[in-house]
Amino acid sequence: MSGLYIHIPFCRSKCAYCDFTSYAGKEELIDAYLDAIRKEAHTYTSGGQHVSQCRSDGLGGFSTLYVGGGTPSLLTVAQLKNLFSFLKQDIIGQDILEETTFEANCESLSEEKLAVLKNSGVNRLSLGLQSAEDRLLRRLGRPADFKHFLWAFEAARKAGFENINIDLMNALPGQSVNDFAQSLEETIKLAPEHVSLYALEVHKGTDLFRQGARENPDIAADMYELAVDRLSRAGYARYEISNFAKPGLESRHNLNYWDQGAYLGLGCAAASYLDGTRWNNTHNLDMYLKTAPVLRENEEKLAGRAKTAERIMLGLRKTRGIELDDDIIIEFNGKIDRLLGLGLIEKTGRAIKIKSGKLYLSNAVFREFI
Ligand code: SF4
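Model, not experiment: these values are computed from the prediction.

1. Side note on the site of the ligand
Taken together, C11, K14, C15, C18, F20, S22, G69, G70, T71 and N105 form the complete shell of residues around the ligand. Split by residue class, the shell around the ligand holds 4 nonpolar, 5 polar and 1 charged.

Here you go:
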């Protein structure tokens, strides 16, 4: 299987913590941007075929589509229809998509847009909440409040979405463990099928950094443990360090990343991994719009030990871990023995995984393989 990712780098405003490739106040460029994505897709095709018919690069057919951002729900109804129409016509063709995810923020959703998404085959919606406390949402520079989020969640259910992810953050400035527990309870009350949880990262250049906010790993670890316990009691299994799902509702698109599967990313800053080569498109929106073929950054052919190391690091993000094969054993047996000795990972048969109580130390495990 392989995945298709489309990056929509436009947002209504810039959140105070945001380090992603996203631009506020540039809605007038969206039509030109969609044209550029279509043109980029054509660089992977020839002779009127759609992208996945061109198999020379190891792509094969697509089985998942993920439209992320940025804020894809900022697109107008007409732009959404245009996007899904050319995705189908030029890129996906006859491929059967098992999962089509669309990221949305409540301030730019409407009942009409939800109906278009549903009719376009979107079967998984990912909604950004971050916190159920308006005080913290304002601190993060989020443009909507919790009441607005509740409206969006309810509207999505009414539109027929049966697979919804909620994005939450923890270790926010001014957030106590009790505050976080409340956001968690509000989330669980809504009974989404999937929850993603990320600790706040404070990057240089963001408003939060300039305001003096800093990361707090100790409080982040406490909140993480609380979330693991509370979500598991509510029927969500942690299947990746930051991701929790009701049985059978794990994100297939993201599992493909962690299984080192092939994926094609279209759009400004979108990442791809095809035939052992990975790269990302230019992060510069003007360059993306004007330069053909699209400029690539960080292009790297992964082979041998580096490819195996990356497979281990990606695989160990999953709670089920990774099967040991000859490549892993030949290259990394010593490292694995060391991590077993330190009590950070465990081995069952031919599989290794990070111990469940040590997942918050996963970066220390990954460092062994860099
Ligand atoms: S909505 Fe997401 S991508 Fe957009 S500014 Fe906020 S954090 Fe960044």
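2. A word on the domain arrangement of the chain
In many reports, interface size means the accessible area that the parts give up when they come together. As far as domains go, the chain holds domain 1 (2–256) and domain 2 (304–370). Look at where the C-alpha atoms of domain 1 and domain 2 centre, and you get two points 28 Å apart. Counting from both sides, the interface comprises 6 residues of domain 1 and, opposite them, 6 residues of domain 2. Elements with a contribution of two residues or more to the side of domain 1 that touches domain 2: α8 (217–233) and β9 (237–240). In terms of residue count, β9 provides more of the side of domain 1 that touches domain 2 than any other element does, 3 residues in total. Split by residue class, the side of domain 1 that touches domain 2 holds 4 nonpolar, no polar and 2 charged.

3. Some remarks on helix α3 (residues 111–119)
Those residues of α3 that sit buried are K113, L114, V116 and L117. Here the buried residues of α3 occupy an arc of 160° about the axis, which is enough to place them on one side. Within α3, the exposed residues directed more than 90 degrees away from the buried face are E111 and E112. Here the buried face of α3 lies against α2 (77–92), β5 (99–104) and α5 (146–158). Downstream of α3 by a residue or two, G121 has a phi angle that is positive, lying close to 95°.

Conventions used here
- Residues numbered from 1 in each chain as written.
- Predicted model: local features only at pLDDT ≥ 70, side-chain atom pairs only at ≥ 80, totals over all residues.
- Near = placed C-beta within 6 Å.
- Nonpolar A, V, L, I, M, F, W, Y, C, P; charged D, E, K, R; others polar.
- Domains from an automatic or database assignment.
- Contact = placed C-beta atoms within 7 Å.
- Helix = DSSP H or I, 4+ residues; strand = E, 2+ residues; numbered from the N terminus.
- Buried ≥ 20, exposed ≤ 12 C-beta atoms within 10 Å, placed from the backbone.
- Arc of directions from axis to C-beta.

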